[in-house]
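Listed below are the residues making up each chain.
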Amino acid sequence: MARLPKPLGVVPLGDLAAYVEFSRTLDLEVNSVAQRLAAAIVASGDARIRDVVPALGGVAVHFDPAFEGDVLQAAAQLVEQCMKKGLPDADDLGRDVDVPVCYDAEFALDMKEISEKLKLPAEEIAQRHAAGRYRVLMVGFAPGHPYIGGLDPKLAVPRRDAPRAIVPAGSVAIANQQTVVYPYAIPGGWSVIGRTPLISFDAMRPRPSLFAAGDRVRFRAIDKREFLALRERQ
C-alpha cells in the first residue's frame, strides 16, 4: 500500500471552513488522495460538516454554522482520523461520463490556430482528443466548471494570450495538459476545439453538475446533425 502524504498545512477559509493542503503544484497522485480523502470525510457522517470540496492539491472542509470550536484543529483531526482508518480505492469513486462533441469548424473557434501551432491537421487533433481517457481533477473557477486531466501531451498548448470575454456554453477547450467543458457562457482563456450539446450545469437539477471530481470522462466525436438532434432533446 502506497504511503499517504502528510498535509503541508491547514489554513482558514473564512470563519467556518478550512483548507487542508497537500501540494501547491499539480500532482496526480496527490490529487487522487484529495478525492479519496474527501469521500472518506463524507462517509464519516460527521454532523459538524456541511460540505467537503476536493481541489487539485487539497481538501476544503466546511463546517455547520452551529459549530463552535477551533475550525483548523477540528479539520486537522478529522483528516488524521480518516487517513489512519484508510481511504477508499480511487477506482470506487466517480462515474463514467460520456460527452458527445462536435469538432466542426463552426464550434471549434480556435482549431485553425491550434492546428498551425501544433502542426497537426484539425482532423487529427479531434481524433486525439476523442481518443483520450480522462478524469475530473476538480470542479472550480465557476459552478460546474471541470478541470479534466489526461490530455494527449501532443495537444498541450498554453492558454490564449487574450482570453475571450464570453466563451459559448458547452465549449470544449484545451490548455496545457488539461481539457474543460464550459458549463455556460463565461469568460475564458482556453483554446476551443469543439462543443457538446449537453447541458453540463443546471442549478434546478437534483445533481446540478454533469461532472464531479473523480469522474472518468470519454469524449465522443459527433457530426453537426447529431449535435442538433441531441441539443433538441435537452
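The structure displayed is predicted, hence computed values, not measured ones. (Residues numbered from 1 in each chain as written. Predicted model: local features only at pLDDT ≥ 70, side-chain atom pairs only at ≥ 80, totals over all residues. Heavy atoms only, no water.)

(A) How the structure looks around helix 1 (residues 28-44). Taking 1.5 Å of rise per residue, 17 residues should cover 24 Å, and helix 1 covers 24 Å from first to last C-alpha, within 8% of that figure. Looking at helix 1, one finds that the buried residues are Val30, Asn31, Val33, Ala34, Gln35, Arg36, Leu37, Ala38, Ala40 and Ile41. Where helix 1 starts, the residue carrying a side-chain oxygen 2.9 Å from the main-chain nitrogen of Glu29 turns out to be Asp27. Looking one or two places after helix 1, you find Gly45, whose phi comes out positive at around 70°. (Helix = DSSP H or I, 4+ residues; strand = E, 2+ residues; numbered from the N terminus. Expected span 1.5 Å × (residues − 1). Buried < 20%, exposed > 50% of the residue type's maximum accessible area, 1.4 Å probe, protein only. Polar contact = N/O pair within 3.5 Å; in protein donor to acceptor, adjacent residues only side chain to side chain.)

(B) A look at the nonpolar core. Among the nonpolar cores identified, the biggest contains 25 residues, and Tyr103, Phe211, Val217 and Phe219 are the most heavily contacted of them. Looking at this core, the elements with two or more residues in it are strand 5 (96-102), helix 3 (111-118), helix 4 (122-131), strand 6 (134-139), strand 9 (171-175) and strand 13 (216-222). Once residues lying within four places of it in the same chain are set aside, the contact partners of Val217 are Val97, Val99, Gly132, Arg133, Tyr134, Val136 and Phe211. (Core = buried A, V, L, I, M, F, W, Y, C linked by side-chain atoms within 4.5 Å. Contact = heavy atoms within 4.5 Å.)

(C) View of the packing of aromatic side chains. Using the criterion set out here, one finds 5 aromatic pairs in the structure. Consider the rings of Tyr134 and Phe219, whose centres lie 5.1 Å apart with planes at 80°: the pair is edge-to-face. In this pair, Tyr134 sits in strand 6 while Phe219 sits in strand 13, placing the two residues 85 residues apart along the sequence. Residue Tyr134 is classed as buried on the basis of its relative accessible area, which comes to 3%. When the ring of Tyr147 is compared with that of Trp190, the centres are 5.9 Å apart and the planes differ by 65°; the resulting orientation is edge-to-face. Placement of the pair is Tyr147 in strand 7 (residues 146-149) and Trp190 in the loop between strand 11 (186-188) and strand 12 (191-195), with a sequence separation of 43 residues. Accessibility expressed as a relative area gives 5% for Trp190, which makes it buried. (Phe/Tyr/Trp six-rings, centres within 6.5 Å; stacked < 30°, edge-to-face > 60°.)

Treat this as a map of the structure, not an account of what it does.
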